[in-house]
Amino acid sequence: MTTYLEDGDALDGLEFLSMSEAGELAHWKIVEKLNDKAGDPDIGRLVEFAVPVQQQHVASVADQALELAADEDPDEES
Ligand SMILES: [Fe+2]
């Protein structure tokens, strides 16, 4: 975390955030899969809310990271 957030630039921070958001999405997809068998309606409603939110987080972070990456100098020392 220190490498990405304290020693890095904005793109490094977004790379770190992309890993966090991907992990959150994976967590909710696992909860969704487990609830396929459990069939708890409260968990089902929570999953229906959380999965699209997390998918949007993943997409937003990727979009922002790619926008910054497009402006990066690939030959610049990091
Ligand atoms: Fe998130």
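This write-up is about the structure you can find in this document. For clarity, every value in this text was computed on a predicted model and none was experimentally measured.

1. Remarks on the pattern of salt bridges
Applying the stated criterion across every chain yields a total of three salt bridges. Between Glu-32 and Lys-29 there is a salt bridge; the shortest N-O distance is 3.0 Å. Separated by three residues within a single helix, Glu-32 and Lys-29 lie in helix α2 (residues 10-38), roughly one turn from each other. Residue classification places Glu-32 among the partly exposed positions, given a relative accessible area of 27%. Lys-29 gets classed as partly exposed once you look at its relative accessible area, which sits at 38%. Between Arg-45 and Asp-42 there is a salt bridge, with the nearest N and O atoms lying 2.3 Å from each other. Of this pair, Arg-45 and Asp-42 both sit in helix α3 (residues 41-71), separated by three residues, roughly a single helical turn. Asp-42 gets classed as exposed once you look at its relative accessible area, which sits at 52%.

2. A word on α3
Under the 1.5 Å per step criterion, the end-to-end length of α3 is 46 Å for 31 residues, consistent within 8% with the ideal 45 Å. When we look at burial in α3, the residues that qualify are Gly-44, Val-47, Ala-50, Val-51, Gln-54, Val-61 and Ala-65. Looking at the buried positions of α3, the neighbouring elements they touch are α2. Regarding α3, its N-cap is Asp-40, as a side-chain oxygen of that residue lies 2.8 Å from the backbone nitrogen of Asp-42 further along.

3. Quick look at the environment of Asp-7
If you trace the backbone, Asp-7 turns up in the loop between α1 (2-5) and α2. A C-alpha to C-alpha distance of 45 Å links Asp-7 and Pro-41, two positions 34 residues apart in sequence.

4. Overview of the coordination of the iron ion
Looking at the metal site, the iron ion is ligated by Glu-21 (OE), Glu-24 (OE), Gln-54 (OE1) and His-57 (ND1), spaced 2.0 to 2.4 Å from it. Considering all four donor atoms around the iron ion, angles at the metal cover 73 to 176° and the coordination shape is irregular. We note that the donor set of the iron ion lies within a single chain, spaced as E-x2-E-x29-Q-x2-H. Of this pair, Gln-54 and His-57 are both found in helix α3, three residues apart, which corresponds to roughly one turn of the helix.

So, how was this worked out
- Residues numbered from 1 in each chain as written.
- Predicted model: local features only at pLDDT ≥ 70, side-chain atom pairs only at ≥ 80, totals over all residues.
- Heavy atoms only, no water.
- Salt bridge = Lys/Arg side-chain N within 4 Å of Asp/Glu carboxyl O.
- Helix = DSSP H or I, 4+ residues; strand = E, 2+ residues; numbered from the N terminus.
- Buried < 20%, exposed > 50% of the residue type's maximum accessible area, 1.4 Å probe, protein only.
- Expected span 1.5 Å × (residues − 1).
- Contact = heavy atoms within 4.5 Å.
- Polar contact = N/O pair within 3.5 Å; in protein donor to acceptor, adjacent residues only side chain to side chain.
- Donors = N, O, S within 2.8 Å, 3.2 Å for Na, K, Ca; no water.
- Tetrahedral: all angles 85-135°; square planar, octahedral: opposite > 155°, others 65-115°.

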